[in-house]
Amino acid sequence: MPAACESVLEDIEDIVSAEDLKPHDRQFLRKNVFPKVRKRSSQKSVQTDDEPPSDSIIPGVQKIWIRTWGCSHNNSDGEYMAGQLAAYGYKITDNSAEADLWLLNSCTVKNPAEDHFRNSIKKAQEGKKKVVLAGCVPQAQPRQEYLKGLSIIGVQQIDRVVEVVEETIKGHSVRLLGQKKDNGKRLGGARLDLPKIRKNPLIEIISINTGCLNACTYCKTKHARGDLASYPIEELVDRAKQSFQEGVCEIWLTSEDTGAYGRDIGTDLPTLLWKLVEVIPEGAMLRLGMTNPPYILEHLEEMAKILNHPRVYAFLHIPVQSASDSVLMDMKREYCVADFKQVVDFLKERVPGITIATDIICGFPGETDEDFQETMKLVELYRFPSLFINQFYPRPGTPAAKMPQVPAAVKKQRTKDLSQLFHSYNPYDHKIGERQRVLVTEESFDSNYYVAHNPFYEQVLVPKDPQLMGKMVEVSIYEAGKHFMKGQPVSDARVHTASITRPLAKGEVSGLTEEFRRAPQNGRNWKAQIPVKTQLSSWMALQLPWQQEGGGLKFLSVSLALLAVLVMFYYGRMKTEL
């Protein structure tokens, strides 16, 4: 075999030629080398000043803007989160531009609501705002592309919003999406006695349960709120008492299905309602939330008695969605049109003047022209004074999204036809001239009137007299529109005040127990009052090994083992190279 080179090298130094620099020459040249100073760009320096290290940020002093979409349950969650943040020291602002962080509380019922949510995230990011996401959208689909890298607070974790906001302000991304459980049993959610900032200091929204027992094929909310989990009656009654003591004069009971309340804890809705009416003061009112037909059927007698109570609005929201049994079957609604009619007819007979509100979906997959005409006939028959008309939107991940879809033009036309029918009648014309007892609770959108509701929860606009706000007064109806009546207080009317307690000021935090009053003073020590298992122990909301019980020794053992593996790896690599 030929040699690799003509001459044999005896030593490595033999490859150094006479022309090459000797070691002492190279050393001499090093003394004449001067380091070159690199100038930092001014832009980077400015950026560093704008974003200080996370250790230098003081949580609890920033301004937070909260935006909520969707149902009254979601609004209640938003009020609770605002209350906790304000109790900790954060300033809740109505000005999104001046806020340091945006808390976006989403709704997943329809595509437009999620589109608004997505656009708000983009706007926040463009404005260099910190962002925390809440509500049903991130709970149902946390891995969506546009949610990547953002902090999320789950629908059952709203009692930990301060922790998530604090870590987000420091520049960390935190996601808390777990369920509340007690001995393995799922709970209704966060505590009801948490601090809260009511959007309207006169109205308390109480969620009596979360989730439902159905599996509707079009519903995305089920993915977020899950199966039924009810709050105990005593906790709900205590919350109502506390609200009245803070000047509230109207309570809304809310959930994904109020009619299913208590089935998971061995009670039912009428039992809860009878306990609640015992604590409602004179001049205050209770409004029931939405209930599906199957779960109200077995309680019709008791529900009629409760809805006739003078301190309960004679109002019930019962979604029918369609008047076609075949469509209802495809929706998996678990009732037929006859069931819905039975509920409505019974309540109209036993509760004179009751307001029945309902929902209808236009263009559900498989809906034929004949199916839709049945729905039109139902609306014509009952002439619902309150009708929520929804064009069908396929929600990702739902069975209905995979069904053959009705053409968009057909859905749009059916929605238009139903809307025209709804606006063809005026439900309140016959009430002009009546004297009605109304409870005044808010201001109209145009700020020209105060908004009140009569015993049937029909909207009555009254003059903007500050003495009327929060009071129950008798008015004479002099005008009627499609969605409202106008009333003038009568001269001999008796005014009822719901509570001797003065209502909280707008933006004032309710439910501030001593535990939360200490929070701003104790700073970060407030988290010490939370059970250890619920605290954030790292930016990933995971306990690090040395923070666990007996974890120090375990961590040391694991570390030494890893070190030994690394040493063996590099030793083996060096042997191979040699």
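Residues numbered from 1 in each chain as written. Predicted model: local features only at pLDDT ≥ 70, side-chain atom pairs only at ≥ 80, totals over all residues. Heavy atoms only, no water.

As annotated in an unreviewed UniProt entry, the protein chain carries the name tRNA-t(6)A37 methylthiotransferase and comes from Vireo altiloquus. In its Sequence similarities (unreviewed entry) section, UniProt records this for the protein chain: "Belongs to the methylthiotransferase family. CDKAL1 subfamily." (UniProt positions renumbered as here; feature names shortened; annotations may be inferred.)

**Quick look at the packing of helix α13 (residues 337-350) against helix α14 (residues 369-382)**
Angle between the axes and distance between the axes: these two values describe a pair of packed helices. One way to put it is that α13 packs onto α14 with a least axis distance of 13 Å and a crossing angle of 5°. Considered as vectors, α13 and α14 are oriented roughly parallel to each other. Within the contact between the two elements, α13 uses Phe340, Lys341, Val344, Asp345 and Lys348 and α14 uses Leu378, Leu381 and Tyr382. Split into classes, the residues belonging to the contact of α13 with α14 amount to 5 nonpolar, no polar and 3 charged. (Axes fitted to C-alpha atoms, helices over the stretch in contact; angles between N-to-C directions. Helix = DSSP H or I, 4+ residues; strand = E, 2+ residues; numbered from the N terminus. Parallel < 35°, antiparallel > 145°, perpendicular 65-115°, else oblique. Contact = heavy atoms within 4.5 Å. Nonpolar A, V, L, I, M, F, W, Y, C, P; charged D, E, K, R; others polar.)

**Focus on the pattern of salt bridges**
The full count for this structure, using the stated rule, is 30 salt bridges. Between Asp77 and Arg225 there is a salt bridge whose closest N-O contact spans 3.1 Å. Residue Asp77 is located in helix α3 (residues 72-88), and its partner Arg225 is located in helix α7 (residues 221-225); the two are separated by 148 residues in the primary sequence. The residues Asp77 and Arg225 share a single accessibility class, namely buried. Arg395 is the partner of Glu114 in a salt bridge, and the nearest nitrogen-oxygen pair spans 2.4 Å. Here Arg395 lies in the loop between β16 (386-391) and α15 (408-422) and Glu114 lies in helix α4 (residues 111-126), a separation of 281 residues in the sequence. Note on Glu114: relative accessible area 5%, which makes it buried. For Arg395, a relative accessible area of 2% gives the class buried. (Salt bridge = Lys/Arg side-chain N within 4 Å of Asp/Glu carboxyl O. Buried < 20%, exposed > 50% of the residue type's maximum accessible area, 1.4 Å probe, protein only.)

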